[in-house]
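Residues per chain are reported as follows:
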Amino acid sequence: MSLQMPLPDLAILARRSEIAAAMRTLVPPAHVIDDADAVRVYESDGLTAYRQPPMLVVLPETTAQVSAILDWCHREGVKVVPRGAGTSLSGGALPLADAVLLGMAKFNRVLDVDYGDRLAVVQPGVTNLAVTRAVEDRGFYYAPDPSSQIACSIGGNVAENSGGVHCLKYGLTTNNVMGVEFVLMDGEVLRLGGCALDPAGLDLLGVIVGSEGLLGVVTEVTVRILPRPETARALLIGFATVADAGACVAAVIAAGIIPAGMEMMDRMAIHAAEAFVNVGYPLDVAALLIVELDGVEAECDHLVEEVEAIARANGAVSVRLSQSEEERIAFWAGRKAAFPAMGRIAPDFYCMDGTIPRRRLPEVLERMAKLSEQYGLAVANVFHAGDGNLHPLILYDANAPGELERAEAFGTDILRLCVEVGGVLTGEHGVGVEKRDLMPVMFGEIDLAHQQRVKCAFDPLLLLNPGKMFPVLHRCAELGRMHVHRGALPFPELPRF
Ligand SMILES: Cc1cc2nc3c(=O)[nH]c(=O)nc-3n(C[C@H](O)[C@H](O)[C@H](O)COP(=O)(O)OP(=O)(O)OC[C@H]3O[C@@H](n4cnc5c(N)ncnc54)[C@H](O)[C@@H]3O)c2cc1C
């Protein structure tokens, strides 16, 4: 792989058996995996281009065990990489050769549901969809719905501040998490937030959500649950050009309508998804919008009419309204399966995640098409159009020499383009290792130093998930005093990557 990770500490590697033995005193012995074949299962996450088997895997099942593991690793200078379900598309859960991989899958219980306060308290290994499953009998659901929701964990969602098709109206994870229990690298256990709407003090919960496993380990999450809207309808709207679809998105928002979801797929994505799920997507259009409206029935009917009128005024060539709940779900099934559907047309795909101002959509898609020609790699577009959050899927073959490197370079150009037009490097997948080296495209040295000071406040020894998010690793004591004198860096012994 072309990605450079921190070099493994040979002294730690030499202590592998001793570290495994110590872990077996902290958790049931069967919950420590150090067999070379067995740890390979964890070598990658959703960013499959990069692989690295971990030194060993530990699977705690209580907060006290997480605290004891982190405390031990902190005292012994052993790095730790937290992992939920391993679906990260930015390589956030990519293991390190000299680190303990802390698998949170055994934290899989819904602890409490309070319908009066509309809250659920869950362990971090519970899957996103399982939260909705736990409360749907009473007419409730958990709104943020990543397409990976059958597999990804709430702990991972908190760490990545994940989004989904319904986040346009209902907010991202950060808007739906009320509190967490959180273990710091030195083993200390914190509780942040809770049942109250706006707890006193600094908003540390806001810092934790989206911290990508760099600040601590989430061991419990309190989420907001919502009553299901009385009615929800989805429209499939086809356009002859991507520009028309982009203009329609902008016009809907400008009209003051916030749909429950507004997603766009381009021709390649439409064809792949339709072949995969057969839900009747129009195949003769260049762009497809799926727009969902929800609320009480009269409001929903009114919004459907308004959106249809706006779509027609912006050149829609086909409009189809879901006629039943089953059909609405089927409309979404193609969108939600769009990533796996790419497997039908290419052996590998590289999913990018940048966000742009909505008005720049047509221009960005056009420039992306030119880049696609330049790199000789196809790109399919599936994205949260309402949020301007793009997910270009670059198709490549990892077995063809040079294609991964071309895909990486193409992806880099796309993200640079997003920043150039006033957007940002990520929408919902996080920085991880994927966008780590691009952080200076968006942030200056001072911005990055301040971000890393937050990291240092939580984890001064930089033992938690190192090599992710920050392009240069400054020792905490060194921060702010980086000065290159006559070509010589201070602290030359520090790993820089
Ligand atoms: C097909 C597919 C579709 C996807 N669609 C979406 C989408 O629509 N929207 C979206 O936002 N994302 C999407 N993703 C990305 C991914 O599912 C999310 O980022 C998800 O939140 C990761 O959860 P996870 O449990 O798999 O976490 P992991 O991949 O295991 O870890 C992700 C990060 O979280 C950290 N972490 C995990 N658990 C904890 C914990 N308990 N405490 C502290 N840190 C922790 C890890 O260290 C890592 O940095 C998709 C992925 C795939 C494969």
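Remember, predicted model here, so these are calculated numbers, not experimental data.

Looking now at the side chain of S211. Structurally, S211 can be placed in the loop between α8 (204–208) and β10 (217–224). Setting aside its immediate chain neighbours within four residues, S211 contacts A159 and M469.

It is worth spelling out the pairing of strand β20 (residues 392–396) at this point. Each regular strand shows side chains that alternate between the opposite faces of the sheet. By the criterion of burial, β20 is predominantly enclosed, with 5 of the 5 residues buried. Side chains P392, I394 and Y396 project from β20 onto one buried face, and the interleaved L393 and L395 project onto a second face that is buried too. Here strand β18 (residues 379–383) runs beside β20; their pairing, made up of 3 bridges, is antiparallel. Looking at the pairing, A380 lines up with L393 of β20.

Another point: the sheet that holds β10. Sheet architecture is open: 5 strands sit in the order β5-β6-β10-β8-β9, paired in antiparallel fashion. Each edge of the open sheet carries a strand with a single partner, namely β5 (110–114) and β9 (189–193). Shown here is a sheet whose adjacent strand axes are inclined to one another by a mean of 10°, direction ignored. As paired elements, strand β8 (residues 177–183) and β10 share 6 bridges and run antiparallel to each other. Looking at β10, one finds that V183 is bridged to V217. Packing against the sheet, helix α4 (residues 63–76) makes contact with β8, β9 and β10, and its axis sits at approximately 50° to β8.

Near the ligand, the surroundings consist of 33 residues, among which P82, G84, T87, S148 and S153 are the closest. A distance of 2.7 Å separates an oxygen atom of the ligand from a polar atom in the backbone of S88. Take N157: an N or O atom from its side chain is 2.8 Å from an oxygen atom of the ligand. Relative to its free-state accessible area of 980 Å², the ligand is covered by the protein chains to the extent of 95%. Elements supplying a minimum of two residues to the shell around the ligand: β3 (79–83), α6 (154–160) and β10.

So, about the packing of aromatic side chains. According to the stated counting rule, one finds 5 aromatic pairs in the structure shown. Ring geometry for Y115 against F140: centres 5.1 Å apart, planes inclined by 55°, an arrangement best described as tilted. On the criterion of sequence distance, the pair formed by Y115 in the loop between β5 and β6 (119–122) and F140 in strand β7 (residues 140–141) is long-range, its members being 25 residues apart. Taken individually, Y115 and F140 each receive the classification buried, so the pair is uniform in this respect. Taken together, a centroid distance of 6.5 Å and an interplanar angle of 85° make the contact between F182 and F458 edge-to-face. In this pair, F182 sits in strand β8 while F458 sits in helix α17 (residues 445–458), placing the two residues 276 residues apart along the sequence. Take F182: its relative accessible area is 0%, and that puts it in the buried class. Judged by relative accessible area, F458 falls into the buried class, the value being 14%. Taking NZ or CZ as reference, R138 lies 4.0 Å from the ring centre of Y115, over its face. Positioned above the aromatic ring of Y141, the side-chain terminus of R228 is 4.4 Å from the ring centre.

Tracing the chain through its elements places I310 in helix α11 (residues 297–313). Residue I310 is classed as buried on the basis of its relative accessible area of 14%. Sequence-wise, I310 and C248 are 62 residues apart; in three dimensions their C-alpha atoms are separated by 6.7 Å. Setting aside its immediate chain neighbours within four residues, I310 contacts C248, A251, V252, A255 and I257.

Calculation notes
- Residues numbered from 1 in each chain as written.
- Predicted model: local features only at pLDDT ≥ 70, side-chain atom pairs only at ≥ 80, totals over all residues.
- Heavy atoms only, no water.
- Helix = DSSP H or I, 4+ residues; strand = E, 2+ residues; numbered from the N terminus.
- Contact = heavy atoms within 4.5 Å.
- Buried < 20%, exposed > 50% of the residue type's maximum accessible area, 1.4 Å probe, protein only.
- Pairing = 2+ DSSP bridges.
- Axes fitted to C-alpha atoms, helices over the stretch in contact; angles between N-to-C directions.
- Near = heavy atom within 4 Å.
- Polar contact = N/O pair within 3.5 Å; in protein donor to acceptor, adjacent residues only side chain to side chain.
- Areas by Shrake-Rupley, 256 points an atom, 1.4 Å probe, with all protein chains shown as cover.
- Phe/Tyr/Trp six-rings, centres within 6.5 Å; stacked < 30°, edge-to-face > 60°.
- Lys NZ or Arg CZ within 6 Å of the ring centre and 35° of its normal.

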